[in-house]
Amino acid sequence: MNSCSFIVKIVSNTTQDLLGDNIPVVKTFVQIAKIRKKKSFNQIQISLWGKVGTDFSKFYKVGDYILIKGILSFNKIKSGNRLRKKPNLTVLKLYPFILDV
């Protein structure tokens, strides 16, 4: 597993789904600051499960900065002749960093 922590900026509104036994899953896109000048991903999709997801929907909005801890995974997507890797971060814990008032 790839456990990691990031300070990110929320850049899109959330989408909510219910899975299985009414477990809420919240997904949104966040922006990570670029460290390298080389081409690298700048926005990733995060998934928040259960109470973490419902708290995220209630208290955070677009433009807020948060500290997230979670598990980074890559989904392989075939587009034409190429195989791309799409990053996804499943958030385990989140903390407010700078909130837009």
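Just so it is clear, the model here is predicted, and its values are computed rather than measured. (Residues numbered from 1 in each chain as written. Predicted model: local features only at pLDDT ≥ 70, side-chain atom pairs only at ≥ 80, totals over all residues. Heavy atoms only, no water.)

## Side note on the pattern of salt bridges
When charged atoms on two side chains of opposite charge get close, those side chains can pair. To keep things clear, this is the line we draw: We count a salt bridge whenever a side-chain nitrogen from Lys or Arg sits within 4 Å of a carboxyl oxygen from Asp or Glu. Under the DSSP-based scheme used, a helix requires at least four consecutive residues in state H or I and a strand at least two consecutive residues in state E, with every element numbered from the N terminus. We call a residue buried when its accessible area falls under 20% of the maximum for its residue type, exposed when it is over 50%, and partly exposed in between, using a 1.4 Å probe and counting protein chains only.
What the rule picks out here adds up to one salt bridge. Residue Asp55 is joined to Lys51 by a salt bridge in which the shortest nitrogen-to-oxygen separation is 3.3 Å. A residue pair is termed a helical-turn pair when its members lie 3 or 4 positions apart in one helix, as Asp55 and Lys51 do in helix 1 (residues 50-59) at four residues. What makes Asp55 partly exposed here is its relative accessible area of 24%.

## Structural notes on the pairing of strand 1 (residues 3-10)
For clarity, the cut-off: Two strands are counted as paired when DSSP detects at least two bridges linking them.
Relative to strand 5 (residues 65-79), strand 1 runs antiparallel, the two sharing seven bridges. Residue pairing in the sheet places Ser5 in a bridge with Lys69 of strand 5. Note: strand 1 against strand 3 (residues 23-32), three bridges, orientation antiparallel. Note that in strand 3 the partner of Val8 across the bridge is Ile32.

## Brief notes about the pairing of strand 2 (residues 15-19)
Where strand 2 and strand 3 come together, five bridges link them in antiparallel fashion. Residue pairing in the sheet places Gln16 in a bridge with Val26 of strand 3. Here strand 2 folds back onto strand 3, and the loop between the two strands holds three residues, one of which, Gly20, carries a positive phi near 45 degrees.

## Examining a nonpolar patch on the surface
Which entries qualify depends on this criterion: Patch membership is restricted to residues that have no salt bridge and whose relative accessible area is over 30%. Joining uses 9 Å for like charges and 5 Å for the nonpolar side chains Val, Leu, Ile, Met, Phe, Trp and Tyr. Only the protein chains shown count as cover for residues, and all accessible areas are computed by the Shrake-Rupley method using a 1.4 Å probe.
Together, Ile7, Tyr65, Phe97 and Ile98 give the surface a local cluster of nonpolar side chains, amounting to about 370 Å² of exposed area. Tracing the backbone shows Phe97 in strand 6 (residues 82-98). Residue classification places Phe97 among the partly exposed positions, given a relative accessible area of 48%.

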